[in-house]
Amino acid sequence: MYTGRTTLSKFLIEHLQDLDDGGQLAGLLVDVAAAVKTIAALTGRGALGGHHGDAGSENVHGEAQTKLDVLADTIMIEHCNWNGLVAGMASEENEQPIPVETDGPVGRYLLVFDPLDGSSNVAMNVSVGTIFSVLRHASSETPVAADFLQPGVRQVAAGYAIYGPATMLVLTVGKGTHGFTLDREVGNFVLTHPSIAIPPETSEFAINTSNERFWEPPVQRYVTECKAGATGVRERDFNMRWIASMVADVHRILMRGGVFLYPRDFRDPTRPGRLRLMYEANPIAFVVEQAGGAASTGRMRLMEVVPEDMHQRIPVILGSRAEIERIERYHGEYEQGTDKPYRSPLFKERSLYRAEV
Ligand code: AFP
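About the criteria used
- Sequence positions are assigned chain by chain, starting from 1 and proceeding in written order.
- With the structure being a predicted model, the display of local features is reserved for residues of pLDDT at least 70 and the display and counting of side-chain atom pairs for 80 or more, all residues being used for whole-chain, interface and lining totals.
- For side-chain calculations, the full set of non-hydrogen atoms in the structure is used, while hydrogens and water are omitted.
- Numbered from the N terminus, helices here are DSSP runs of H or I no shorter than four residues, and strands are runs of E no shorter than two.
- Only protein chains enter the accessibility calculation, which uses a 1.4 Å probe. A residue is then buried if its area is under 20% of the maximum for its type, exposed if over 50%, and partly exposed in between.
- As used in this structure description, the phrase polar contact means that two N or O atoms lie within 3.5 Å; if the pair is within protein, one of them must be able to donate a hydrogen and the other to accept it, and residues adjacent in sequence are counted only when both atoms belong to side chains.
- The rule for pairing is simple: two strands pair if DSSP sees at least two bridges between them.
- What makes two residues a contact is simply this: any of their non-hydrogen atoms within 4.5 Å.
- As a rule, the C-alpha atoms of each element are fitted with a line to give its axis, helices using only the stretch in contact, and angles between N-to-C directions run from 0 to 180 degrees.
- Being near a molecule or strand, for a residue, comes down to having at least one heavy atom within 4 Å of it.
- With residues, only the protein chains shown are counted as cover, and all accessible areas are computed by Shrake-Rupley using a 1.4 Å probe.
- In this analysis a 1.4 Å probe is tested at points of a 1 Å grid over the protein atoms alone, and where it fits but cannot get out there is a cavity; an open set with protein on both sides within 12 Å along at least five of seven lines is a pocket; lining residues have an atom within 4 Å of a point.
- For a molecule to be placed in a cavity or pocket, more than half of its atoms must lie within 2 Å of the grid points of that cavity or pocket.
- Grid points are joined across faces, edges and corners, and a volume is the space filled by probe spheres set on the points.
- Gly falls in the polar group here, along with every residue not listed as nonpolar (Ala, Val, Leu, Ile, Met, Phe, Trp, Tyr, Cys, Pro) or charged (Asp, Glu, Lys, Arg).
- Domain delimitation follows an automatic or database domain assignment.
- Side-chain rings of Phe, Tyr and Trp, where Trp is taken by its six-membered ring, are said to pair if the distance between their centres is within 6.5 Å; with planes under 30 degrees apart they count as stacked, over 60 as edge-to-face, and otherwise as tilted.
- Nonpolar side chains (Val, Leu, Ile, Met, Phe, Trp, Tyr) within 5 Å and like charges within 9 Å form the patches, drawn only from residues with over 30% relative accessible area and no salt bridge.
- By definition here, a salt bridge exists when the distance from a side-chain nitrogen of Lys or Arg to a carboxyl oxygen of Asp or Glu is within 4 Å.

Novice: Just to check I follow, could you spell out the side chain of serine 119 for this structure?
Specialist: On the secondary structure map, serine 119 appears in the loop between strand E5 (109-117) and strand E6 (128-136). For serine 119, a relative accessible area of 13% gives the class buried. Side-chain polar atoms of serine 119 contact the side chain of aspartate 69, separated by 2.8 Å.

In structure tokens form, the structure reads like this:
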């Protein structure tokens, strides 16, 4: 049945054999995949699993945790807590790094994850996901928070699992982006989408338009032009999708192109965006770039942002390369004041909304 098919383990051996510590990285990614299978089994039980509803607790961001948020976090920690492979972990759900028990040398890798992204959608049976990123740990000491504050360009692997009609693992180890589908009957991830390529051009965008009045002018300009369709400057009609589950919105873009925006807005001036740089933006940016797409804050390449805080939020604009370049150009024109129709005194004059990233 598997003749000619590539399983995740086979893929990892083939793609990591030239790395010094490729065996360890492969081991860690197999652990992540095992955690993903367990989370898939739990989410797949739906309401029958008894895990729907709030846990009655809040995470570090002050957001209500669902029971599945807490369970998925525990599953990731328990599956990957193996010294020698991983030196430390950081999760969107935990304020501080998660220590790894060790009775020998500390591992060479740091694992960063969002255990259940889009979890507010679970009760509606909408696709959710797990996002992860692997960084190197250069020191032989137990890692502290500062060790995790590495820009996305330093990631050695990243990916996400999507728990949809099928469970998929989409992964990059810096050699393209590849998609594996979980064969539930035998419990194997099988390579079904090798070398995913995001089309450079698109006519589809994804953004929560209920926030439109809070966006900066370059994003308002872009979306206004898309909505004008064939009668506007873009001279073609655009389609819009918003699932409110980042993995699902991004997965669609990987499959058929598009643009995903969760831009800077001024709903809350203390938050420069909704999504987290380390747990969501960087891993997805790595996957998107390796698929030929681009990922930006609007002002700079996302993966070059140096994190200042483990739970830092960031504007996220990613997808088809030509569209991202256009949106970056609109941000540049706005900064230079050459975007006349879209300049609003609300922004430029209030330094509060002037962004550095
Ligand atoms: P939850 O994990 O709380 O459901 O948040 C999901 C998410 O971080 C991301 O997956 C979505 O793109 C985004 O929030 C949706 O946010 P809005 O509800 O503001 O559109």
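Picking up where we left off.
Novice: Is there a simple way to think about the sheet that holds E6 in this case?
Specialist: For sheets, the rule is that strands pair by backbone hydrogen bonds, running either parallel or antiparallel. Here 8 strands make up an open sheet; going across it, the order is E4-E3-E5-E6-E7-E8-E9-E10 and the pairing mixed. Edge positions in the sheet fall to strand E4 (98-99) and strand E10 (188-193), since each has one partner strand and no second. Where strand E3 (residues 86-91) and E5 come together, 5 bridges link them in parallel fashion. For alanine 90, the partnering residue across the bridge sits in E5 and is valine 112. Against the sheet, helix H7 (residues 277-290) engages E3, E5, E6, strand E7 (155-163), strand E8 (167-172) and strand E9 (177-183), with an angle of about 100° to E7.

Novice: Got a minute to help me understand the site of the ligand in this structure?
Specialist: Close to the ligand lie 14 residues; Asp117, Ser120, Asn208, Met246 and Tyr262 are nearest. Taking aspartate 117, its side chain carries an N or O atom lying 2.7 Å from an oxygen atom of the ligand. In the model, an oxygen atom of the ligand is placed 3.1 Å from a nitrogen or oxygen of the tryptophan 242 side chain. Relative to its unbound accessible area of 480 Å², the ligand is 83% covered by the protein chains. Comparing atom positions with the cavity grids shows the ligand to sit within the largest pocket.

Novice: Would you mind going over the layout of surface pockets with me for this structure?
Specialist: Regions of empty space are outlined by a rolling probe, equal in size to a water molecule, passed over the atoms. Here the largest pocket defines a volume of roughly 450 Å³. Along the wall of the largest pocket there are 24 residues; nearest its centre are Asp117, Gly118, Ser120, Ala244 and Arg274. For the lining of the largest pocket, the elements supplying multiple residues, two or more each, are E5, helix H6 (246-256), strand E13 (259-262) and strand E14 (275-276). Residue composition of the lining of the largest pocket, by class: 8 nonpolar, 6 polar and 10 charged. For the lining of the largest pocket, the domains that each give at least three residues are domain 1 (8-193) and domain 2 (204-347).

Novice: Would you explain the packing of aromatic side chains in this entry?
Specialist: Each aromatic ring pair is characterised by the separation of its centres together with the angle its planes make. Tallied over the full model, the rule gives 5 aromatic pairs. Look at tryptophan 242 and phenylalanine 260: their rings are 5.4 Å apart centre to centre, the planes differ by 20°, and that puts the pair in the stacked class. One end of the pair, tryptophan 242, is in the loop between strand E12 (239-240) and H6; the other, phenylalanine 260, is in strand E13, and 18 residues separate them in sequence. Classification of tryptophan 242 as partly exposed rests on a relative accessible area of 24%. For phenylalanine 260, a relative accessible area of 1% gives the class buried. Members of the aromatic cluster, joined through ring pairs, are Trp242, Phe260 and Tyr262.

Novice: Sorry if this is basic, but what is going on with a nonpolar patch on the surface here?
Specialist: A surface patch of nonpolar side chains, amounting to about 230 Å² of accessible area, comprises Met124, Val126 and Ile243. The topology assignment puts isoleucine 243 in the loop between E12 and H6.

Novice: Help me understand the sheet that holds strand E11 (residues 204-206) in this model?
Specialist: Across the sheet, 5 strands lie side by side as E12-E11-E13-E17-E15; this open sheet has mixed pairing. Unpaired on one side and paired on the other, E12 and strand E15 (294-296) mark the two borders of the sheet. With 3 bridges connecting them, E15 and strand E17 (residues 316-319) associate as antiparallel partners. The residue of E17 that forms the bridge with alanine 295 is leucine 318.

Novice: Could you clarify how one ought to interpret the side chain of serine 296 in this entry?
Specialist: Counting through the fold element by element, serine 296 comes out in strand E15. Among the polar contacts made by the side chain of serine 296, one reaches the main-chain amide nitrogen of glycine 298 at a distance of 2.7 Å. A distance of 3.2 Å separates the side chain of serine 296 from the backbone oxygen of methionine 300, its partner in a polar contact. Serine 296 has contacts with Arg301, Leu302, Pro315, Val316, Ile317, Ile324 and Glu328, leaving out every residue within four places of it along the chain.

Novice: Help me out: how do you make sense of H6 in this one?
Specialist: Since there are 3.6 residues in each turn of an α-helix, residues three or four apart along the chain are aligned in direction. Counting buried positions over the 11 residues of H6 gives 9, a clear majority of the element. Considered for burial, the residues of H6 that qualify are Met246, Val247, Ala248, Asp249, Val250, His251, Arg252, Ile253 and Leu254. Of the residues trailing H6, glycine 257 is marked for its positive phi of about 85°.

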